[in-house]
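# Structural characterization, general
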Amino acid sequence: MSVVDLARFMEDLATQSGAAILPFFRAHFGLDDKSHGTGRAFDPVTEADRAAEVVMRRMIQDRFPGHGILGEEFGAERTDAECVWVLDPIDGTRAFIAGLPTWGTLIGLTHHGVAVRGLMHQPYLNERFLGDGKTASVRSLKGERPLHTRRCDALSGAILATTDPRLFADGEEAERYRSVEGAVRMSRYGADCYAYCMLAAGQIDLVVEAGLKPYDIVALIPIVEGAGGVVTTWDGGPATGGGRIVAAGSPRLHEAALKRLNP
C-alpha cells in the first residue's frame, strides 16, 4: 500500500468514526463508569466511544487482516504484528460528556513499535491534525496548512498544559509536576489530546502528563514530532508505551522540563 493510499485510509477511518460519534455529542446517551465502583477515579465510557471503535476495527480488519489493533474500548489483537493500529475513539470523554469540543478521535499507526503516522480528528469542529514524524498539518474549513511548533526555549516564557493536575500521584510525582508548573508563564487544564495539537500548532509550548495509555499518545507523537517538537517519557525514553509523558515545542525547552521532572 502506498503512502498516499495509507493516508487516504486513515482519513476514511476518521470520516466513518466521526459519523458514528456526532449523533451522540450534546445529546442524551448511555454512560458507564469503567471503574465499577472500585474507588478509583471516575472512568467514563459512552455509547459513542464503543460505536466509533467498532467501526474503525471493522474497517481495519477488512482492509488489513494481518495488522494488529490496540483500542481503548475493545483491547488488543495481534499486537506482535509488524504494523499495529492504536485507537482512542474519544480522547477526552469527560469533555465530550460536558458538551465541550476539546475531545478528539486518535488514530495512530506503529511500525515495529515506532509511531509512524498519526491523526487527531475533531468532527464537531471539522478539524484534522495529521503527522508522519517529518511533517505535520491541520485541515479545517479554512483549508490546510502546515504545523510548526513555537520557538520557546525557556520555561519562564512557556505556556504549559495538562489534562488535570489531580491525575498526578500524591507525593513525588505531583511535586515534580508542580516544580515545572511553578516555573512557566501560564498553565491551562482540561484539553486532553487538543493540548498536543495546539503545541504542534505553536499555541502551547509544553504538555506534561502522567498515567497515559498507548492509545492516549501514539497518534499524537508523529503530529508533534512532524511539527518540530519532542515527545518522550519523563526519563527521556520512547513515549509509545504511555506512562508519564512530556512534550515540548523545542529540544531546549524539553531539556529544561526534564531537569525539573528528574531532580
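Residues numbered from 1 in each chain as written. Predicted model: local features only at pLDDT ≥ 70, side-chain atom pairs only at ≥ 80, totals over all residues. Heavy atoms only, no water.

Attention shifts here to the overall build of the protein chain. What the protein chain contains, in helices and strands, is eight helices and 15 strands. Expressed along its principal axes, the backbone C-alpha trace of the protein chain runs to roughly 50 × 45 × 40 Å. Sorting the 263 residues of the protein chain into buried and exposed places 53% on the buried side. When the accessible surface of the protein chain is split by element, carbon and sulfur atoms take 51% of a total near 11900 Å². Distance from the positive charge centre (28 side chains) to the negative charge centre (34 side chains) of the protein chain: 5 Å. (Helix = DSSP H or I, 4+ residues; strand = E, 2+ residues; numbered from the N terminus. Buried < 20%, exposed > 50% of the residue type's maximum accessible area, 1.4 Å probe, protein only. Areas by Shrake-Rupley, 256 points an atom, 1.4 Å probe, with all protein chains shown as cover. Lys, Arg positive; Asp, Glu negative; His and termini not counted. Charge placed at Lys NZ, Arg CZ, Asp CG, Glu CD.)

A word on the state of the cysteines. Evaluation of the coordinates by the stated rule reveals zero disulfides. Counting only cysteine sulfurs, Cys197 is the nearest neighbor of Cys152, a cysteine outside any disulfide, at a range of 19 Å. Cys152 sits in the buried class, given a relative accessible area of 9%. You can see Cys193 has no disulfide; the closest cysteine sulfur is in Cys197, sitting 5.9 Å from it. Residue classification places Cys193 among the buried residues on the basis of a relative accessible area of 1%. (Disulfide = S-S within 2.5 Å.)

Sequence positions flagged by UniProt for "binding site: Mg(2+) 1" (unreviewed entry) are, in local numbering, Glu72, Asp88, Asp91 and Asp216. In three dimensions, the annotated residues from a span of 145 residues occupy one location, with a maximal C-alpha spread of 9.4 Å. Take Glu72: it is sitting in the loop between β3 (68–71) and β4 (75–77). Mapping Asp216 onto the fold places it in helix α6 (residues 214–217). (UniProt positions renumbered as here; feature names shortened; annotations may be inferred.)

Our focus in this paragraph is the nonpolar core. One finds Met120, Leu147, Tyr196, Ile217 and Leu220 to be the most contacted residues of the largest nonpolar core, which totals 36 residues. The element best represented in this core is helix α5 (residues 193–200), accounting for seven residues. Split by domain, this core shows at least three residues from each of two domains, domain 1 (3–146) and domain 2 (155–261). Not counting chain neighbours up to four residues away, the residues in contact with Leu147 comprise Phe129, Ala136, Ser137, Val138, Ala200, Ala201, Ile223, Gly226 and Ala227. The next biggest cluster of nonpolar side chains, apart from the first, holds 20 residues, and it includes Ala174, Tyr177, Leu206 and Val246. (Core = buried A, V, L, I, M, F, W, Y, C linked by side-chain atoms within 4.5 Å. Domains from an automatic or database assignment. Contact = heavy atoms within 4.5 Å.)

If you walk across this open sheet you meet the eight strands as β4-β3-β5-β6-β7-β8-β9-β10, and the pairing is mixed. The outermost strands of the open sheet, each flanked by one partner alone, are β4 and β10 (143–146). Between one strand axis and the next, the sheet turns by 15 degrees as a mean value, whatever way the strands run. Inspection of the sheet shows strand β6 (residues 104–111) paired to strand β7 (residues 114–122) by seven bridges, in the antiparallel sense. Paired with His111 across the two strands is Val114, which belongs to β7. In this fold helix α1 (residues 3–21) packs onto β5 (83–91), β6, β7, β8 (127–131) and β9 (136–140), with an angle of close to 40 degrees to the strand it touches most, β7. (Pairing = 2+ DSSP bridges. Axes fitted to C-alpha atoms, helices over the stretch in contact; angles between N-to-C directions.)

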